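Given next are the chains, with one letter for each unit.
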2 protein chains.
Amino acid sequence: MTSSDPLVVFTPSGKRGHFPPGTPVLTAARQLGVDLESVCGGRGICSKCQITPGEGDFPKHGITVGAQALSPWNAVEERYAQKRGLKPGRRLGCQALIQGDLVIDVPAESQVHRQVVRKAASARAIQMDPATRLVAVHVPEPDMDEPSGDFERLEAALRAAGHLGDAPLGAELRVLQKLQPCLRKGGWEITLALYRPREDRPAQILDLWPGFYDGPLCGLAIDLGSTTIAAHLCDLRDGQVLASGGVMNPQIRFGEDLMSRVSYAMMNPGGDQEMCAAVRAALNDLAETVATEAGLSPDAIFEAVIVCNPVMHHLLLGIDPVELGQAPFALATSGALTLCARDLNLSALNPGAQAYLLPCIAGHVGADAAAVVLSEEPHKAETLTLVVDVGTNAEIVLGDQTQVLACSSPTGPAFEGAQISSGQRAAPGAIERIEIDPISKEPRFRVIGCDLWSDDPGFAAASAATGITGICGSGIIEAVAEMRLAGLLDPSGLIGSPAQTGSERMLQDGRTWSYLIYDGRAADGPLISVTQGDVRAIQLAKSALYAGARLLMDEIGTDRVDRVVLAGAFGAHISPKHAMILGMIPDCPLDHVISAGNAAGTGARIALCDRKARSEIETTVGNITKIETAVAPRFQEHFVNANALPHATDPFPELSKLVALPEVSFNTNSERPSRRRRRSN
Amino acid sequence: MTSSDPLVVFTPSGKRGHFPPGTPVLTAARQLGVDLESVCGGRGICSKCQITPGEGDFPKHGITVGAQALSPWNAVEERYAQKRGLKPGRRLGCQALIQGDLVIDVPAESQVHRQVVRKAASARAIQMDPATRLVAVHVPEPDMDEPSGDFERLEAALRAAGHLGDAPLGAELRVLQKLQPCLRKGGWEITLALYRPREDRPAQILDLWPGFYDGPLCGLAIDLGSTTIAAHLCDLRDGQVLASGGVMNPQIRFGEDLMSRVSYAMMNPGGDQEMCAAVRAALNDLAETVATEAGLSPDAIFEAVIVCNPVMHHLLLGIDPVELGQAPFALATSGALTLCARDLNLSALNPGAQAYLLPCIAGHVGADAAAVVLSEEPHKAETLTLVVDVGTNAEIVLGDQTQVLACSSPTGPAFEGAQISSGQRAAPGAIERIEIDPISKEPRFRVIGCDLWSDDPGFAAASAATGITGICGSGIIEAVAEMRLAGLLDPSGLIGSPAQTGSERMLQDGRTWSYLIYDGRAADGPLISVTQGDVRAIQLAKSALYAGARLLMDEIGTDRVDRVVLAGAFGAHISPKHAMILGMIPDCPLDHVISAGNAAGTGARIALCDRKARSEIETTVGNITKIETAVAPRFQEHFVNANALPHATDPFPELSKLVALPEVSFNTNSERPSRRRRRSN
């Protein structure tokens, strides 16, 4: 290209260059590195390379676009427009030839690296740069005088079209077996699902179709928790979530929490393999379920990205987790893993499907924590950010752009509504919000599946469909916090008697008291109350969480954080105010406490849609300082100290600004505090 | 290292350098790139790094070795010497520390790249540089403060010991699942079967053992022919052949020759998969057989190198060979292939075993021809060399260091004793050598399994064990050639009558004559004769072979070759003189016709033992000019012209010097030559 050739400017990138007349716009875009998509390699089939040529004067670029600056609308464009429609003013970049100076706009949907904005609160955009793409290519026919194999000619065609870089091309026997009939059926046109996890690593053909094929091409982002497994089916072409689903982790029958599962593996020869088979089967079923929901065959799933804690990680891989049950908590492997999905028995997926597991951070801090980091990016934060992902185990990350620390803390299942007298998982009928009137001590509540509060007119009718069945994780947090606010609970966690609280809702429960929220027994429904045992369970869970955060703060040498991100399915529903009243998280201005939704799941989606995010998180994880709570004496100390609920004299200045905590003490009453609890107050 | 440090010179390499006192000799050798083996990484376990320190003056090197130049004999060396013995004067390179100027000899058996000299005629040495090696390494124990995975610490240890270069390390789940118990059982010492096919590609752990493990570590070199499958079990540590074996290719029941098998696949849906399963099962059985013969489990086989023609290649891979049955004879893939052996269902081998298939040259010129090139190296020859590997199909390569051409020719199974009236494969009892007295026309012969000629005293007793059962490939060649020499056959291939030949051994056989070699009918044995049909079958086979060679000679523009290499199992047994009498090969001085034994099998062994040979043959094959005989009009012409046997007026000057060919013609007699044959003479 010389300066006497037409000048072409692409917007919005501003990239510009001179090109000889007759150059297709797509070719010019490629030479300039303009982000213009093309699947079919410029043969007017895929229509991905749509552009909008400008008209008239562009003083900013010093260009006046003439009437003949592009070649006329041609037959290929006409056929495409008639068949599928082209927006007014659009041309196909592979068909329109440069004839004069041009300003050409690349619409968002024609960009390879278009962004998908996440719906959740923190609007982290996902850059689309998937490892697996559809690539259509023309393969020269065989020639007896130059007898290369069909595969070698395909490789040469892909390389010439820039799809391989310098890296070799690989294919399984399964693919080689299909290649010859496929090429001949498609008249030497072929579309490949080409997997290229890194520019500098070999590419691999996962599947192939005769002629031009335009999908579906999906990936599955899986958040494999101890209790639940969630999956998002994403379109690998544009990042859209096509369907989401979740199932209970079937390993629950081998043990509710991680350590019981490790014990099961230790006590039962082959137990690890039983649990491995169970979770793999559940993943297969889940893949089928979400694919069906999206109206697709699971065969259209070419990648799975899996995030999970270390024990789930090892059990999924078929590695005995015994070493994770004892110091020094050695992982068999901590690095990111790329596997064939069928090595994980994910046979529902496409036979060529690949699985990627994010790296683990430490023996107790897993790939799920890495996914939270990828999603919430504490390592890029300018202010000190605490990220907690609360599940049966809490993953806790603290840091900013200068350093990042991570640990995990065994909160137990109380926050998920388990081990709570009226607890249940978050499902229709579960009480999820509670308010207690500080004067009357009467509660009002909302249940999942009904938009009305319990004292709204028409609530009885509106909630009839779901009933009122129990109390879920976020409900129990609010209930305990509201009880504290209403003076029904003292800072040590003791529930007061009717005499002490002045409320007839306090029910005798052995030697302790409980607080009645709802009595449905007249209509064969449950009696829902918060017992002293429930409060103790929440206290244990919240002190574990708080102690983990404090341990990281000690390491950094700070006693306050600037920002708190509550992540996880639970974090999405929790009320930050109530969490602060319970002392679950360090003191922080309320408007600096945000919910990030299922950050681990989002991290999985990011790694699924953006292959560069994979190397990014692999590098980032290597720079994280890992803190082992299980053997840190200070963790125990913080844990014991955090057992009490905050009270007015506690160092919670932000909380004090927010609410007035009643100064009550029920210590002399029905429940005799243990020596330990007394010391801890 | 500075020049004031002791100077160390290694012989025979001559590599030299200065090293600080206290440096182990092994460390110095590694830093200089001296070829000194070590499996255990310098811990005095493997004893591979034995060296012989010099004593006294070495004027050539400008060194006088003092008495204290090496550290004293230590306890590790003493223990090893007592347990397994050390030759006098030897030290362990990892134990002996440099204290002064030294001259150190590395004995041949301590070299990594020691050579194994092939037993066959052309003494091509195999350089030992196997892709799979045993590597013992110490892995640091896990540390809670630096919580990397066991695998990551193993990788770091391997990298520090120089076993990985810059490439990443891979391991299948199977290996990861075994890693933690293995490391703990071995007290953090571990031995790996490390597969590293190329320095610049990722390495892979194929298997692992706790502590220090010294084998067995084997590979299988497989020559997969249309009719027979041969395998050599090689020790990957020193290249020795531990056992060899062969079986018939079970695909024979689907078709004797390649094209019948292609037809079977075309006519029978799933027929390609039937043949695929049959040959894979046979390879598994063969692997078990040779391993058992060597007293090993087939689990000790970590690599298989397979050479075969294109149809066998595709059928083994499960690729429908239909395209190989019709022009343009397109291969699905022509490049070399590296696969997991279990992808070929070679389940008898170690679960981690890798399979390597040499590249195919063209649609009719396979990986077996590539192996012949690797073994016989025509591309390095200074004189024009013709290599023919004769089987059911003949692979023909012609060239020198300036250019190499290749083709294949469908000789059919006659040279293997098939489609011959008294034919049989080469087995005890088969006539393999024949002489016919030119005066008496009486034959004498030898059978496989008996060292005596049939007219030697005691032959009857000596051959009683095997009997006299038929005539094998090399026998039928000698028989027909001897008949020609004795004047029983004219140049057109006609057998004469008793009247024309003066021999009562000529038997009436319909309208033609046959020659009686042995009549065992009195003792319920066979009547073994050479019929007119046998002669015609040999004529067809030899003209196909000759025509292929001529076609390549035409391409180069020559009418003579300097050297002929007869390769293949058949080539090993054939008598060059008799081959020339039949006109199988172009005229050439007899002492320039050599037998290379099973060159394809040798090529497979070379690729098995020397990973660099793999990239070498991949490059070489890319530079070979491929000639397709099936569509070359000149091939048909040469084929027709070559039907006759050489006679005195033919342009076979070297043959004329060797033997006097009787001028006979039986044309007017019993058999009426066809028009075509008349034209061809």
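No experiment lies behind these values; they were computed from the predicted model shown.

## Some remarks on the domain arrangement of chain A
Residues and elements named next belong to chain A. In terms of domains, chain A is made up of domain 1 (7-110), domain 2 (132-210), domain 3 (218-357), domain 4 (378-413 + 538-658) and domain 5 (416-529). Here domain 1 and domain 2 have C-alpha centroids that lie 28 Å from each other. Listed per partner, the contact involves five residues of domain 1 and seven residues of domain 2. A buried area of about 420 Å², summed over both sides, lies between domain 1 and domain 2, and 40% of it is on carbon and sulfur atoms. In terms of surface lost to domain 2, no three residues of domain 1 exceed Arg30, Val39 and Arg43, which account for 80% of the buried area on that side. At the surface where domain 1 touches domain 2, the tally comes to zero salt bridges. Along the contact surface separating domain 1 from domain 2 lie zero residue pairs in polar contact (both at pLDDT 80 or more).

## A few points about the interface of chain B and chain A
Opposite the 42 residues of chain B that make contact, chain A presents 42 residues. For the pair chain B and chain A, the summed buried surface comes to about 3100 Å²; carbon and sulfur atoms form 61% of the total. Considering only the side of chain B, the residues that lose the most area to chain A are B:Met144, B:Leu173 and B:Gln180, jointly responsible for 21% of the buried surface there. For the pair chain B and chain A, the interface holds two salt bridges. Among the ionic pairs, A:Arg184 bridges to B:Glu323, the shortest N-O distance being 3.0 Å. Taken together, the links from chain B to chain A amount to 22 residue pairs in polar contact (both at pLDDT 80 or more). Listing elements by their share of the side of chain B that touches chain A, those giving two or more residues are α3 (150-160), α4 (173-185) and β18 (337-340) of chain B. At six residues, the largest contribution of residues to the side of chain B that touches chain A is made by α4(B).

## Some words on the packing of helix α5 (residues 258-267) of chain B against helix α6 (residues 271-293) of chain B
Residues and elements named next belong to chain B. Look at α5 against α6: their axes get within 7 Å of each other, and the N-to-C directions meet at 130 degrees. The orientation of α5 relative to α6 falls into the category oblique. Every residue of α6 that contacts α5 at Arg261, Tyr264 and Ala265 is listed here: Gly271, Asp272, Glu274 and Met275. Residues belonging to the contact of α5 with α6 are distributed by class as follows: three nonpolar, one polar and three charged.

## So, the pattern of salt bridges
Within this structure, the stated rule accounts for 56 salt bridges over all chains. A salt bridge links B:Lys380 to B:Glu377; the nearest nitrogen and oxygen atoms lie 3.0 Å apart. Among the ionic contacts, a cluster of salt bridges with common partners joins A:Asp129, A:Arg133, A:Arg196, A:Glu199, A:Arg611 and A:Lys612.

## Focus on the environment of A:Ser408
Residue and element names in this part refer to chain A. The residue Ser408 is located in strand β22 (residues 403-409) in this model. Accessibility expressed as a relative area gives 3% for Ser408, which makes it buried. A C-alpha to C-alpha distance of 30 Å links Ser408 and Val659, two positions 251 residues apart in sequence. If we skip the residues at most four places from it in the chain, Ser408 touches His364, Val365, Asn393, Ala394, Glu395 and Thr629.

## Side note on helix α12 (residues 532-556) of chain A
All names here are of chain A. Taking 1.5 Å of rise per residue, the 25 residues of α12 would be expected to cover 36 Å, and the 36 Å separating its terminal C-alpha atoms lies within 8% of that figure. Summarising burial for α12: 20 of the 25 residues are buried, a large majority. Looking one or two places after α12, you find Gly557, whose phi comes out positive at around 85 degrees.

## Quick look at the relation of the copies chain B and chain A
Relative to chain A, chain B is turned by 180 degrees and slid 0.1 Å along the rotation axis, the superposed coordinates differing by an RMSD of 0.3 Å. Here the transformation between the copies is reduced to the relation of a two-fold axis. Relative to the rotation axis, the C-alpha of B:Arg201 is the closest in chain B, positioned 5.0 Å from it. The residues that chain B uses at the interface reappear at the interface of chain A in 100% of cases, marking a shared surface.

Conventions used here
Residues numbered from 1 in each chain as written. Chains lettered and ligands numbered in written order. Predicted model: local features only at pLDDT ≥ 70, side-chain atom pairs only at ≥ 80, totals over all residues. Heavy atoms only, no water. Domains from an automatic or database assignment. Contact = heavy atoms within 4.5 Å. Buried area = accessible area lost by both parts, 1.4 Å probe. Salt bridge = Lys/Arg side-chain N within 4 Å of Asp/Glu carboxyl O. Polar contact = N/O pair within 3.5 Å; in protein donor to acceptor, adjacent residues only side chain to side chain. Helix = DSSP H or I, 4+ residues; strand = E, 2+ residues; numbered from the N terminus. Axes fitted to C-alpha atoms, helices over the stretch in contact; angles between N-to-C directions. Parallel < 35°, antiparallel > 145°, perpendicular 65-115°, else oblique. Nonpolar A, V, L, I, M, F, W, Y, C, P; charged D, E, K, R; others polar. Buried < 20%, exposed > 50% of the residue type's maximum accessible area, 1.4 Å probe, protein only. Expected span 1.5 Å × (residues − 1). Least-squares fit on C-alpha atoms with pLDDT ≥ 70 in both.

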